[in-house]
Amino acid sequence: MTVNSYLQGRANDLVIRETEKEKIQKSVDTIKLRLNGYYGSDLSDVLLFGSYTRGTILPRSADSRSDIDIMAVFKNEYGCKPQTFLDKLKKFAEYRYPNSIVAQSSPSIVLKMEHITFEITPAYKSWYGYYIPASRSEWQATDPNGFNNILVECNKNNEYKIKPVVRLMKLWNLSLNGRDMASFELEKKIAEELKYAYLCCSSYTEYLKKAFFAIQWDTNWKKVDDAVQHIDNALEYEADDMPYSALSEIKIIFPE
């Protein structure tokens, strides 16, 4: 096994499997049904957003904090503050899911089930787009799935290596970087900086080094330098016909 084939396999291991997807989808459908039944005409839409919709979420076997983002879009005809809807969503979750853990984690309500955690974010929609809580008392504009197209285009341009690279970088971020970078910010930085990476990259090691360089000033640069050094060491071992040493080196930053 080469270093790059290990990285490709590890990235594939970090994809949510169909059995897990089926459980998640069943829970999503149930939450949507219960939200609509509970709020009726006060609710205008329920939609998914976040890394799950982009295919970059890590399975819980790799990240116990993986969660699914749901947006509950209210009509908000009277201009209520975000906390009003956060309180409503908390009551809904406690009522409909009495055996699950429910808590507020601004700007959303966390619903922790046995198989997955959901973050339900209140929102409203105007002529100008969607608004979600910026704080307990203020709203901020958002485009919940606007980034998806940017990532899809970047992934396609780069022979579908960007999403696997994002998942590997997320693994490094949680296992060796102490989650120092927010998941979305890491994805955004990689998609923006690696848009034309195909001009100089072809292997996973090349893409990963470029991804590390893209985030080096947004996180702990010493840990970034250390990760790049491990990649270089692994490639040197491989060039010297020392495959076991090469794999041991790359597994330090992308563990099994």
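Higher on the page you've got the structure.
Note that the structure is predicted; figures quoted are calculated from it, not measured.

What counts, and where the lines are drawn
Residues numbered from 1 in each chain as written. Predicted model: local features only at pLDDT ≥ 70, side-chain atom pairs only at ≥ 80, totals over all residues. Heavy atoms only, no water. Helix = DSSP H or I, 4+ residues; strand = E, 2+ residues; numbered from the N terminus. Buried < 20%, exposed > 50% of the residue type's maximum accessible area, 1.4 Å probe, protein only. Lys, Arg positive; Asp, Glu negative; His and termini not counted. Salt bridge = Lys/Arg side-chain N within 4 Å of Asp/Glu carboxyl O. Contact = heavy atoms within 4.5 Å. Disulfide = S-S within 2.5 Å. 1 Å grid on protein atoms, 1.4 Å probe; cavity = no way out; pocket = protein on both sides within 12 Å on 5 of 7 lines; lining within 4 Å. Points joined across faces, edges and corners; volume = space filled by probe spheres on them. Nonpolar A, V, L, I, M, F, W, Y, C, P; charged D, E, K, R; others polar.

Structural notes on the side chain of Glu249
So, step 1. Position of Glu249 relative to the elements: it lies in helix α10 (residues 243-253).
So, step 2. Despite its burial, Glu249 pairs with no opposite charge, the nearest such side chain being Lys251 at 12 Å.
So, step 3. Every residue in contact with Glu249, bar those within four places of it in the chain, is listed here: His230, Asn233, Ala234 and Tyr237.

A look at the environment of Ala123
So, step 1. Following the sequence through the fold, Ala123 ends up in strand β5 (residues 117-126).
So, step 2. When the C-alpha positions of Ala123 and Phe74 are compared, they lie 6.0 Å apart, and in sequence the two are 49 residues distant.
So, step 3. If we ignore the near neighbours within four places in the chain, the residues touching Ala123 are Met71, Ala72, Val73, Phe74, Tyr131, Ile132 and Trp139.

Let's talk about the state of the cysteines
So, step 1. A complete count under the given rule lists 0 disulfides for this structure.
So, step 2. Cysteine Cys154 remains unbridged, with the sulfur of Cys201 as its closest cysteine sulfur at 11 Å.
So, step 3. You can call Cys154 buried: its relative accessible area is 1%.
So, step 4. Here Cys201 is not cross-linked by a disulfide; its sulfur's nearest cysteine counterpart is in Cys200, at 3.9 Å.

Concerning the layout of surface pockets
So, step 1. If you add up the space inside the largest pocket, you get close to 920 Å³.
So, step 2. The wall of the largest pocket is formed by 34 residues, among which Ser51, Asp67, Asp69, Ser183 and Phe184 lie closest to the centre.
So, step 3. For the lining of the largest pocket, the secondary-structure elements that each account for two or more residues are α3 (51-54), β2 (67-74), β5, α5 (146-157), α6 (162-175) and α7 (183-193).
So, step 4. Among the elements that line the lining of the largest pocket, the one with the most residues is α7, at 4 residues.
So, step 5. Looking at the lining of the largest pocket residue by residue, the class counts come to 12 nonpolar, 12 polar and 10 charged.
So, step 6. Estimates place the volume of the second largest pocket at around 160 Å³.

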